[in-house]
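Summary of the model geometry
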Amino acid sequence: MKLSKRLSAISALINKPVDVIWDCCCDHGYLGIALLKRSAAKQVNFVDIVDTIMVELNDQLKQLSSTLPSNTAWDVQCQDVRAIKLNQNQQNVVVIAGVGGELLLNLVAGIMANNTKAALANTRFIVCPIHHTYTLRTGLIKLGLGLESEQLISENNRIYELIEVSVSSPAALTRTGQSMWDLNLPAHMQYLDQLLNHYNKMLNKDELYFQKVITDYQSLNDYKNDDFNH
Ligand SMILES: C[S@@+](CC[C@H](N)C(=O)[O-])C[C@H]1O[C@@H](n2cnc3c(N)ncnc32)[C@H](O)[C@@H]1O
């Protein structure tokens, strides 16, 4: 199974071997299986809350077992992502992709509340939400997470924000993802237009808040014009 562009971009961020990868909200498990196949970690844990999905995935992994590298173990955990237990003596990469930004924030907050500071200090979060990225980023900043990397991924006429954060990064995460934009690229400009259109429609819900969101996104264009003028 060939990974989608979005899942490939996530996989590419795990470019040095780590101890444990958590494929959270794994559903089909495509990402975790690809990571297992290339021994990206000593252990890959698949986590999803839906029992039927996990029974099927467990069967599939058992069938694949003889073809998988022997230096990587796997585990299937049917549970709420918020309940995962990170080990403080191991390097963890927690991946959460393909869920809404508000839920994703709630899941990261839950993991952080349920694990020790020492374990979190050894953890990188790689997140790729569907929508609500401004809310997600605002929440991640409040949780004290710093930026490791961020990029825009274009797939099937849709743009995804791929954000990597950790408590140990000193770099500031911004609400608009300042470092990921190249507004000379039509796809990035189109995504910015989409966000501005969306938040303009939201103005009648809470003018003060959404005007601030719009101003934040518009200032990305000012940076571009500044670049151009210098
Ligand atoms: C659309 S799939 C994402 C699949 C894959 N991560 C991707 O990006 O292609 C979303 C999955 O999140 C799972 N999910 C939602 N809330 C969850 C939670 N609190 N704990 C564990 N899994 C959850 C759902 O059961 C579903 O399988």
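Everything in this summary refers to the structure shown in the same document. Note that the structure is a prediction, hence the values are computed from the model and not measured.

What counts and what doesn't
Residues numbered from 1 in each chain as written. Predicted model: local features only at pLDDT ≥ 70, side-chain atom pairs only at ≥ 80, totals over all residues. Heavy atoms only, no water. Near = heavy atom within 4 Å. Polar contact = N/O pair within 3.5 Å; in protein donor to acceptor, adjacent residues only side chain to side chain. Areas by Shrake-Rupley, 256 points an atom, 1.4 Å probe, with all protein chains shown as cover. Helix = DSSP H or I, 4+ residues; strand = E, 2+ residues; numbered from the N terminus. Nonpolar A, V, L, I, M, F, W, Y, C, P; charged D, E, K, R; others polar. Expected span 1.5 Å × (residues − 1). Buried < 20%, exposed > 50% of the residue type's maximum accessible area, 1.4 Å probe, protein only. Contact = heavy atoms within 4.5 Å. Pairing = 2+ DSSP bridges. Axes fitted to C-alpha atoms, helices over the stretch in contact; angles between N-to-C directions. Salt bridge = Lys/Arg side-chain N within 4 Å of Asp/Glu carboxyl O.

**Structural notes on the site of the ligand**
- Near the ligand lie 18 residues; those nearest to it are R6, C25, D48, V81 and A97.
- Take H28: an N or O atom from its side chain is 3.3 Å from an oxygen atom of the ligand.
- Between a nitrogen atom of the ligand and a main-chain N or O atom of V81, the distance comes to 3.0 Å.
- Surface burial for the ligand is 80%, taken as the share of its 600 Å² of free accessible area covered by protein chains.
- Going through the elements one at a time, strand 4 (92–100) and helix 4 (101–113) are the ones with two or more residues in the shell around the ligand.
- Examining the composition of the shell around the ligand, we find that three residues originate from one element, strand 4, more than from any other.
- When the residues that make up the shell around the ligand are grouped by side-chain class, the tally is 10 nonpolar, three polar and five charged.

**So, helix 4**
- Given a rise of 1.5 Å per residue, 13 residues ought to cover 18 Å, and the 18 Å separating the end C-alpha atoms of helix 4 matches this to within 8%.
- Turning to helix 4, its buried residues are G101, L104, L105, L107, V108, G110, I111 and M112.
- Buried residues along helix 4 sit in contact with strand 4, helix 5 (117–121), strand 5 (123–130) and helix 6 (133–142).

**Focus: the sheet that holds strand 5**
- Spatial ordering of the open sheet is given by 3-2-1-4-5-7-6, a layout of seven strands whose pairing is mixed. For this open sheet the edge positions go to strand 3 (73–78) and strand 6 (146–155), each flanked by a neighbour on one side alone. Taking the axes of each pair of neighbouring strands and ignoring which way they run, one obtains an average angle of 15 degrees across the sheet.
- As paired strands, strand 2 (residues 41–48) and strand 3 are joined by six bridges and run parallel to one another. If you follow V47 over to strand 3, its bridge partner there is Q77.

**Some details on the pattern of salt bridges**
- With the rule as written, the count across this model stands at seven salt bridges.
- When the shortest N-O distance is used, the salt bridge between E155 and R6 registers 4.0 Å. Of this pair, E155 sits in strand 6 while R6 sits in helix 1 (residues 5–13), and the two are 149 residues apart along the sequence. No difference in accessibility class separates E155 from R6, as the two residues are buried.
- One salt bridge connects K212 with D216, and the closest N-O pair in it is separated by 2.8 Å. In this pair, K212 and D216 are both assigned in helix 8 (residues 207–229), four residues apart and thus about one turn of the helix distant.
- With a relative accessible area of 43%, K212 lands in the partly exposed category.
- On the accessibility criterion, D216 (17% relative accessible area) is buried.
- The network of salt bridges with shared partners includes R137, E150 and E161.

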